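Structural overview for review
Given next are the chains, with one letter for each unit.
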Amino acid sequence: LENWLQSMPDPARIVSTLDGPAWFERIDDEGPFLRLAFLETAGLTAKAVAAMTAVLDEQGEGTAGQVRPLRRRKDVVAAHFLLRRLLEDSLGRPRSTWTLGATELGRPIVLAPAAMSDVRLSLSHGDGLVAAAIARGCEVGVDVEKVSRHRDRLDISDRFFAADEAAYLRSLSPDTVLDHFTMLWTLKEAFVKAIGKGFWQPFRSFSIALSEPTRISFHDPALGDAAVWQFWQSSYRNFKLALAYAPDREAASDRAAGACE
Ligand SMILES: CC(C)(COP(=O)(O)OP(=O)(O)OC[C@H]1O[C@@H](n2cnc3c(N)ncnc32)[C@H](O)[C@@H]1OP(=O)(O)O)[C@@H](O)C(=O)NCCC(=O)NCCS
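**Notes on the pattern of salt bridges**
Counted according to the given criterion, the structure contains 14 salt bridges. Taking the shortest distance from any N to any O, the salt bridge between Arg 85 and Asp 89 comes out at 3.1 Å. You can see Arg 85 and its partner Asp 89 sitting in helix α5 (residues 70-91), 4 residues apart, about one turn around the helix. Since its relative accessible area comes to 14%, Asp 89 is described here as buried. Linking Glu 165 and Lys 188 is a salt bridge whose minimum nitrogen-to-oxygen distance equals 2.8 Å. Placement of the pair is Glu 165 in helix α7 (residues 163-170) and Lys 188 in helix α8 (residues 174-194), with a sequence separation of 23 residues.

Below you can see the structure in the form of structure tokens.
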């Protein structure tokens, strides 16, 4: 995983290969994997977005972009399209064989092909940069956010984050605090997506320390063993990117064993 993340393509380059033959190399292995992709949307032309929308329409996901405010549509469409291309290219099944859906709480899932229902999915649309992650053997959550410029962010962390996180942010100098707030926010959101709960999991029920490596601790016993969780984080232009992953507790198949360890 570390090697792959190091060689992750520049998001701007991915956009420029939109019309190319394939974005993502095929995963030969039938076993565990974790793959992550980003796409910068600022440079996407109306034609490219229309092409992506047509693909989503064809696959019954056409409403993905329509229910959002116009300003966000491009990102929503691009994120769902990116997730589909990542699946199709990586796992080598034709587009028409994939049906995606969502759990009651909103987590994207594979409905068909049935043999791929153990593939975990996550996506994020972040106002100019979108991300998609697929994995077998790992629970996975991804998040991208633009670094906030609002000075009132500390009110949010005081109200919603765990006490140690809020105190940590309060201890920072004004020139670094917004950067750290956004980093912490993306890591927390990546985690609540990886467990499939989204905002239904209170942000103060766990703490993330921006240490090396990033560590999580739980204040809610139902969250299980914190030690199994790993994180990756990065910056791209004025965005923060985060990935949370852990061995898939529900993985029934042998082929999923051994990932994320
Ligand atoms: C998941 C969530 C944390 C993401 O927030 P966000 O920063 O606005 O959006 P992002 O672009 O980063 O991610 C959105 C994607 O997360 C995914 N997602 C939504 N709910 C999810 C869940 N429970 N678990 C995992 N992933 C989820 C979806 O793919 C969604 O995109 P889509 O709606 O286009 O399919 C948040 O939207 C959420 O929890 N929503 C559902 C529950 C809710 O609204 N609760 C409010 C009560 S406080």
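We are not done yet, so read on.
**Some points on the sheet that holds strand β1 (residues 33-40)**
Spatial ordering of the open sheet is given by β1-β5-β4, a layout of 3 strands whose pairing is antiparallel. Both outer strands of the open sheet, β1 and β4 (119-125), are each paired with one neighbouring strand and no more. Recorded for the sheet is a direction-independent mean angle of 10 degrees between the axes of neighbouring strands. Direction of pairing for β1 relative to strand β5 (residues 129-136): antiparallel, over a ladder of 8 bridges.

**Details of α7**
The periodicity of an α-helix, 3.6 residues per turn, causes residues three or four positions apart to be oriented the same way. Those residues of α7 not exposed but buried are Glu 165, Ala 166 and Leu 169. Looking straight down α7, one finds its buried side chains confined to an arc of 100 degrees; they lie on one side.

**Regarding helix α6 (residues 153-160)**
Every buried residue of α6 is accounted for by Arg 153, Leu 154 and Ser 157. Taken down its axis, α6 places every buried residue within 100 degrees of arc, on the same side. Buried residues in α6 make contact with α7 and α8.

**What to know about the site of the ligand**
Near the ligand, the surroundings consist of 18 residues, among which His 80, His 125, Glu 189, Lys 193 and Phe 199 are the closest. Contact between the ligand and His 125: an oxygen atom at 2.7 Å from a main-chain N or O atom of the residue. Within the contact set of the ligand, an oxygen atom lies 2.6 Å away from a backbone nitrogen or oxygen of Phe 199. With the chains in place, 72% of the 900 Å² that the ligand exposes on its own is no longer accessible. Listed by contribution, the elements that provide at least two residues to the shell around the ligand are β4, β6 (138-146) and α8. Among the elements that take part in the shell around the ligand, β4 stands out by supplying 3 residues, more than any other.

**Some remarks on the packing of α7 against α8**
Contact pair α7 / α8: the axes reach a minimum separation of 9 Å and the direction vectors enclose 155 degrees. In terms of orientation, α7 lies roughly antiparallel with respect to α8. Here α7 contributes Glu 165, Tyr 168 and Leu 169 to the contact with α8, which in turn contributes Val 177, His 180, Phe 181, Leu 184 and Lys 188. Looking at side-chain class alone, the contact of α7 with α8 contains 5 nonpolar, 1 polar and 2 charged residues.

**Description of the side chain of Gln 201**
Locating Gln 201 in the fold gives a position in the loop between α8 and β7 (206-209). Excluding its chain neighbours within four sequence positions, the residues that come into contact with Gln 201 are Val 192, Ile 195, Phe 206, Asp 220 and Leu 223.

**Some thoughts on the confidence of the model for the chain**
In the predicted model, the chain carries a mean pLDDT of 84, and the fraction of residues at 70 or more is 83%. Confidence over residues 1-21 falls short of pLDDT 50; this stretch has 33 contacts with residues more than four positions distant or in other chains.

**A short note on the nonpolar core**
Within the largest apolar cluster, 30 residues are counted, with the highest numbers of intra-cluster contacts made by Leu 87, Leu 91, Val 119, Leu 121 and Ile 134. Counting only elements with at least two residues in this core, the list comes to β1, α3 (46-58), α5, β4 and β5. Residue contributions to this core peak at 9 residues, all from α5. The residues touching Leu 91, leaving out its near neighbours within four places in the chain, are Arg 26, Ile 27, Phe 33, Trp 98, Met 116 and Val 119.

Reading the values: the criteria
- Residues numbered from 1 in each chain as written.
- Predicted model: local features only at pLDDT ≥ 70, side-chain atom pairs only at ≥ 80, totals over all residues.
- Heavy atoms only, no water.
- Salt bridge = Lys/Arg side-chain N within 4 Å of Asp/Glu carboxyl O.
- Helix = DSSP H or I, 4+ residues; strand = E, 2+ residues; numbered from the N terminus.
- Buried < 20%, exposed > 50% of the residue type's maximum accessible area, 1.4 Å probe, protein only.
- Pairing = 2+ DSSP bridges.
- Axes fitted to C-alpha atoms, helices over the stretch in contact; angles between N-to-C directions.
- Arc of directions from axis to C-beta.
- Contact = heavy atoms within 4.5 Å.
- Near = heavy atom within 4 Å.
- Polar contact = N/O pair within 3.5 Å; in protein donor to acceptor, adjacent residues only side chain to side chain.
- Areas by Shrake-Rupley, 256 points an atom, 1.4 Å probe, with all protein chains shown as cover.
- Parallel < 35°, antiparallel > 145°, perpendicular 65-115°, else oblique.
- Nonpolar A, V, L, I, M, F, W, Y, C, P; charged D, E, K, R; others polar.
- pLDDT = per-residue confidence, 0-100.
- Core = buried A, V, L, I, M, F, W, Y, C linked by side-chain atoms within 4.5 Å.

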